[in-house]
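Coordinate analysis (summary)
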Amino acid sequence: MNNYLTGIEGMPKLLFCEGDPMANFKRNLYADAFKEYCQNNDLTYTAIEAGYHQVIDKQQFITNMAAALAEKAKEQIEAEKKKSKRDQMLMDFNMFMAVYVLPGILHFGGDSSPILAEAVQKAWKEAFPKTNLRAATYEEIQAGFKRKFCYITTAVCETFGKPDDCYELTLLRNYRDGYLMSQPDGEEVIRQYYDLAPTIVKHINQRKDRKKIYREVWDQYLSPCIQMIENNENKQCKDLYIQMVRDLEKKYFLKDC
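Residues numbered from 1 in each chain as written. Predicted model: local features only at pLDDT ≥ 70, side-chain atom pairs only at ≥ 80, totals over all residues. Heavy atoms only, no water.

**Here we look at the overall build of the protein chain**
- Looking only at helices and strands, one finds 12 helices and 0 strands in the protein chain.
- Starting at the N terminus and walking to the C terminus, you meet the elements of the protein chain as α-α-α-α-α-α-α-α-α-α-α-α.
- Split into buried and exposed, the 257 residues of the protein chain put 47% on the buried side.
- Across the protein chain, the fraction of contacts at a sequence separation of at least 24, relative to all contacts at a separation of at least 6, is 74%. (Helix = DSSP H or I, 4+ residues; strand = E, 2+ residues; numbered from the N terminus. Buried < 20%, exposed > 50% of the residue type's maximum accessible area, 1.4 Å probe, protein only. Contact = heavy atoms within 4.5 Å.)

As structure tokens, this is what we get:
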């Protein structure tokens, strides 16, 4: 019974934790921040694992744990009167779920871990039907940092003298690892991007008018995408970004200019 109570009380704390771990969701800080997050929540993971092995109805036990987290999040969001703030709160929660909560559960590595991660995704979907969280592992997210997300956006930002950790690139990296990776086709969209983008950038960089091209890319695609993310218009951003890659592929992918 103590394990049950510890788990029920601890599950919301996976999301509503102390400090601001998202501030450390950066390539050079995430590893340490994730390790600290997992250590801070080890009591909850351990209690759930122990309870899972003790109870008879294991599925109901896990379902109750997942519901405790989703219900608390829904309660917090519904308490906010303004729709814009509710939307932003949900976006923030989705991001945190994608890069800390679900990877943390899987990283614990217990028998209950994959089952709990699946139950949390299901409970979250029931509480917030428009969301599609995907349980990425810590290793997958770290690999995403190493891939250096946006070849095209990076090339544009470098042209304008912006650093690798500039606001625009950071926002798009967070968008990728939060919203896009949680979509059913998100991983495939990212894979296709990495297949095309390096060649597109190489061919643009061979042109004398590359600065003009990158300015047009910024004005027509990237700046609107960033505004869409800021306005929580995530689906629209995804559609426009895919269109950008398709348009640039037609113009530059096969051209050695």
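**Considering the environment of Asn41**
- Along the chain, Asn41 falls in the loop between helix 2 (30-40) and helix 3 (42-54).
- We classify Asn41 as buried; its relative accessible area is 6%.
- Separated by 36 residues in sequence, Asn41 and Ile77 have C-alpha atoms that sit 23 Å apart.

**Thoughts on the nonpolar core**
- Among the nonpolar cores identified, the biggest contains 44 residues, and Met11, Leu15, Val101 and Trp124 are the most heavily contacted of them.
- Secondary structure elements with two or more residues in this core: helix 1 (2-15), helix 2, helix 3, helix 4 (58-78), helix 5 (83-108), helix 6 (113-127) and helix 7 (138-146).
- Per-element tally for this core: the top contributor is helix 5, with 10 residues.
- The residues touching Leu15, leaving out its near neighbours within four places in the chain, are Leu69, Ala73, Phe93, Phe96, Met97, Val101 and Trp124. (Core = buried A, V, L, I, M, F, W, Y, C linked by side-chain atoms within 4.5 Å.)

**Here's the deal with the environment of Leu15**
- Looking at the element boundaries, Leu15 is found in helix 1.
- In this structure Leu15 comes out as buried when scored by relative accessible area, which is 7%.

**Considerations on unusual backbone geometry**
- At Asn232, a residue that is not glycine, the phi angle is positive and equals roughly 65 degrees.
- Tracing the chain through its elements places Asn232 in the loop between helix 11 (210-230) and helix 12 (234-253).

**Details of the packing of aromatic side chains**
- All told, the structure shown has 13 aromatic pairs when counted by the stated rule.
- Ring plane angle 55 degrees and centroid distance 5.9 Å describe the contact between Tyr4 and Phe61, whose orientation is recorded as tilted. In this pair, Tyr4 sits in helix 1 while Phe61 sits in helix 4, placing the two residues 57 residues apart along the sequence.
- Owing to a relative accessible area of 4%, Phe61 belongs among the buried residues under this scheme.
- Ring geometry for Phe34 versus Tyr138: centroids 4.6 Å apart, planes at 15 degrees, classification stacked. Within this pair, whereas Phe34 is found in helix 2, its partner Tyr138 is found in helix 7, the two being separated by 104 residues in sequence. Accessibility classification places Phe34 together with Tyr138 in one group, the buried group.
- A connected cluster of aromatic rings, assembled from ring pairs, spans Tyr30, Phe34, Tyr37, Phe96, Tyr100 and Tyr138.
- Cation over ring: Lys58 sits above Tyr52, and NZ or CZ is 5.0 Å from the ring centre. (Phe/Tyr/Trp six-rings, centres within 6.5 Å; stacked < 30°, edge-to-face > 60°. Lys NZ or Arg CZ within 6 Å of the ring centre and 35° of its normal.)

**Describing the side chain of Asn234**
- Mapped onto the secondary structure, Asn234 falls in helix 12.
- Given a relative accessible area of 8%, Asn234 falls into the buried group.
- Apart from the residues within four sequence positions on either side, Asn234 is in contact with Met91, Tyr175, Tyr179 and Ile229.

**Here we look at the environment of Gly178**
- With respect to the secondary-structure elements, Gly178 resides in helix 9 (residues 167-178).
- It is 28 Å that separates the C-alpha atoms of Gly178 and Thr6, two residues lying 172 residues apart in sequence.
- When sequence neighbours within four positions are dropped, the list of residues in contact with Gly178 reads Met95 and Ala98.

**Description of the state of the cysteines**
- The final tally for this structure, using the stated rule, is 0 disulfides.
- Of all cysteine sulfurs, the one in Cys17 lies closest to Cys38, which takes part in no disulfide; the gap is 11 Å.
- For Cys38, a relative accessible area of 11% corresponds to the buried category.
- Of the cysteine sulfurs around Cys225, a residue in no disulfide, the closest is that of Cys237, at 3.7 Å. (Disulfide = S-S within 2.5 Å.)

**A short note on the packing of helix 5 against helix 9**
- For the pair helix 5 and helix 9, interaxial distance at closest approach is 9 Å and the crossing angle is 75 degrees. Accordingly, the angle class assigned to the pair helix 5 and helix 9 is roughly perpendicular. Contact with helix 5, carried on its side by Met95, Ala98 and Val99, involves Asn174, Tyr175, Asp177 and Gly178 of helix 9 and no other residues of that element.
- Among the residues making up the contact of helix 5 with helix 9, the classes are represented as 4 nonpolar, 2 polar and 1 charged. (Axes fitted to C-alpha atoms, helices over the stretch in contact; angles between N-to-C directions. Parallel < 35°, antiparallel > 145°, perpendicular 65-115°, else oblique. Nonpolar A, V, L, I, M, F, W, Y, C, P; charged D, E, K, R; others polar.)

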